[in-house]
Amino acid sequence: MNFKTPLDKQDTWNWKFATKQGHFSSRAFMNHLNEIVASNLPSPDPTLVNPLLPQKIGIFIWRAKLNKLPVRTELDKRGIDLHSTRCPICDNDLETLHHSLISCKHSADIWDRIRKWWNLNNLYISSLNDLSKCSNPSFNSSTGLAIWQAVVWTSSYLIWKNRNDLVFGNNKQSCPKIVSDIQSKSYEWINCRWKKGKLEWLQWITNPKSFDANPTVKAGID
Ligand SMILES: [Zn+2]
């Protein structure tokens, strides 16, 4: 008589957060890490809404402001065993959220390129609170400020996305490539939602601040 025991089977790894097909999914794993860090979130902040952007970007910024994104130092505090708590991009410092989005040399390079693109002398972003508020005295109109905020939030989101892509096995994108993605993504999102105006691509790339006080553009973002 032939018995088939479990020992006859080949050993396999079972991934707790596997997809239905049983494969590892970086998205499922990221969702799990998000849940670990995002416990006890208060109700969403209604001021963190920019009608020129998809809702997911406002939620991302809200979580960033509350320091509720799964950077390595936060996962370490919650007992997750990591091989390193250093920044996966530069390896020069501990990975806090402030470091990841603002002070990492890679992120600082991106912010510097954004500053030059907008021809702004000061970016006024030195804290996670600055990043969510985006107040900037250089702007004349609420429309201009909303467009600028949309760019800052899109930049933060794509900096974080690039960090996750690297952690989960993809190549690190260059700063010029990420800025190029920020320009095209923010252009696409704003033009899909801005009912009283329209961005022109060449003007957007060469002189985005002209949309702040351009008399041909009607005021208002709705
Ligand atoms: Zn870094």
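Computed from a predicted model, the values in this text were never measured in an experiment.

**What about the overall build of the chain?**
Argument step 1. Across its full length, the chain holds 10 helices and 0 strands.
Argument step 2. Ordering the α and β elements of the chain from the N terminus gives α-α-α-α-α-α-α-α-α-α.
Argument step 3. The contacts in the chain between residues at least 6 apart in sequence include a share of 61% that link residues at least 24 apart.

**Structural notes on helix H7 (residues 142–167)**
Side chains that are three or four residues apart share a direction in an α-helix, a result of its 3.6 residues per turn.
Argument step 1. Here H7 contains 26 residues, and its C-alpha end-to-end distance of 37 Å stays within 8% of the 38 Å for a straight helix at 1.5 Å per residue.
Argument step 2. Gly 169 lies just past H7 and shows a positive phi near 105°.

**Quick word on the packing of H7 against helix H8 (residues 175–193)**
Argument step 1. Packing of H7 against H8 leaves a shortest axis separation of 9 Å and a crossing angle of 130°. Between H7 and H8, the angle falls in the class oblique. Pair H7 / H8 crosses with right-handed handedness. Contact residues: Ile 147, Ala 150, Val 151, Thr 154, Ser 155, Leu 158, Ile 159 and Asn 162 in H7; Ile 178, Asp 181, Ile 182, Lys 185, Ser 186, Trp 189 and Ile 190 in H8.

**Observations regarding the packing of helix H5 (residues 105–118) against H8**
Argument step 1. In contact at an axis separation of 10 Å, H5 and H8 are set at 50° when each is read in the N-to-C sense. Overall, the two elements H5 and H8 adopt an arrangement that is oblique. H8 is crossed by H5, and the crossing has right-handed handedness. In contact with His 106, Asp 109, Ile 110, Arg 113 and Ile 114 of H5, H8 contributes Cys 175, Ile 178, Val 179 and Ile 182.
Argument step 2. Of the residues assigned to the contact of H5 with H8, the class counts are 6 nonpolar, 1 polar and 2 charged.

**Some details on unusual backbone geometry**
Generally, phi is negative for residues other than glycine and the peptide bonds are trans, each holding for most cases.
Argument step 1. The phi dihedral of Asn 67 is positive, around 55°, even though this residue is not glycine.
Argument step 2. The residue Asp 91 is not glycine, and still its phi comes out positive at about 60°.
Argument step 3. Relative to the helices and strands, Asp 91 resides in the loop between helix H3 (72–77) and helix H4 (97–103).

**Here we look at the nonpolar core**
Argument step 1. Within the largest apolar cluster, 32 residues are counted, with the highest numbers of intra-cluster contacts made by Ala 64, Leu 131, Ile 147, Ala 150, Val 151, Val 152 and Trp 153.
Argument step 2. When contributions to this core are tallied by element, the ones reaching two or more residues are helix H2 (55–65), H4, H5, helix H6 (128–133), H7 and H8.
Argument step 3. Broken down by element, the residue count for this core peaks at 8 residues, all from H7.
Argument step 4. Filtering out sequence-adjacent residues up to four positions away, Ala 150 remains in contact with Asn 50, Leu 52, Leu 53, Ser 186, Trp 189 and Ile 190.

**Here's the deal with the environment of Thr 154**
Argument step 1. In this structure, Thr 154 sits in helix H7.
Argument step 2. The exposure class of Thr 154 is buried, given the 26 C-beta atoms found within 10 Å.
Argument step 3. Spatially, the C-alpha atoms of Thr 154 and Ser 186 are 6.3 Å apart, while their sequence positions differ by 32 residues.
Argument step 4. Those residues in contact with Thr 154 that lie beyond four places of it in its chain are Leu 53, Ile 57, Ile 182, Lys 185, Ser 186 and Trp 189.

**Some thoughts on H8**
Argument step 1. In this model H8 runs 27 Å from its N-terminal to its C-terminal C-alpha over 19 residues, within 8% of the 27 Å that 1.5 Å per residue would give.
Argument step 2. Check the buried side of H8 and you find it contacts H5, H7 and helix H9 (201–206).

**Re the confidence of the model for the chain**
Argument step 1. Residue-level pLDDT values for the chain average 83, and 78% of them are 70 or greater.
Argument step 2. Of all secondary-structure elements in the chain, the lowest mean pLDDT belongs to helix H1 (residues 26–37), at 70, while H8 reaches the highest, 97.
Argument step 3. Long-range and interchain partners of residues 215–219, a stretch whose pLDDT sits below 50, account for 7 contacts in this model, where long-range means more than four residues apart.

**Comments concerning the environment of Asn 50**
Argument step 1. Topologically, Asn 50 is positioned in the loop between H1 and H2.
Argument step 2. Once the C-alpha coordinates of Asn 50 and Ala 150 are considered, the two residues, 100 residues apart in sequence, prove to be 6.9 Å apart.
Argument step 3. Once you skip the residues sitting within four places of it in the chain, Asn 50 turns out to touch Gly 58, Ala 146, Gln 149, Ala 150 and Trp 153.

**A closer look at the environment of Ile 110**
Argument step 1. Tracing the backbone through its elements, the reader meets Ile 110 in helix H5.
Argument step 2. Filtering out sequence-adjacent residues up to four positions away, Ile 110 remains in contact with Ser 155, Ile 159, Cys 175, Ile 178 and Val 179.

Each value, and the rule that gives it
- Residues numbered from 1 in each chain as written.
- Predicted model: local features only at pLDDT ≥ 70, side-chain atom pairs only at ≥ 80, totals over all residues.
- Helix = DSSP H or I, 4+ residues; strand = E, 2+ residues; numbered from the N terminus.
- Contact = placed C-beta atoms within 7 Å.
- Expected span 1.5 Å × (residues − 1).
- Axes fitted to C-alpha atoms, helices over the stretch in contact; angles between N-to-C directions.
- Parallel < 35°, antiparallel > 145°, perpendicular 65-115°, else oblique.
- Left-handed = near helix turned anticlockwise from the far one by under 90°.
- Nonpolar A, V, L, I, M, F, W, Y, C, P; charged D, E, K, R; others polar.
- Core = buried A, V, L, I, M, F, W, Y, C linked by C-beta atoms within 7 Å.
- Buried ≥ 20, exposed ≤ 12 C-beta atoms within 10 Å, placed from the backbone.
- pLDDT = per-residue confidence, 0-100.

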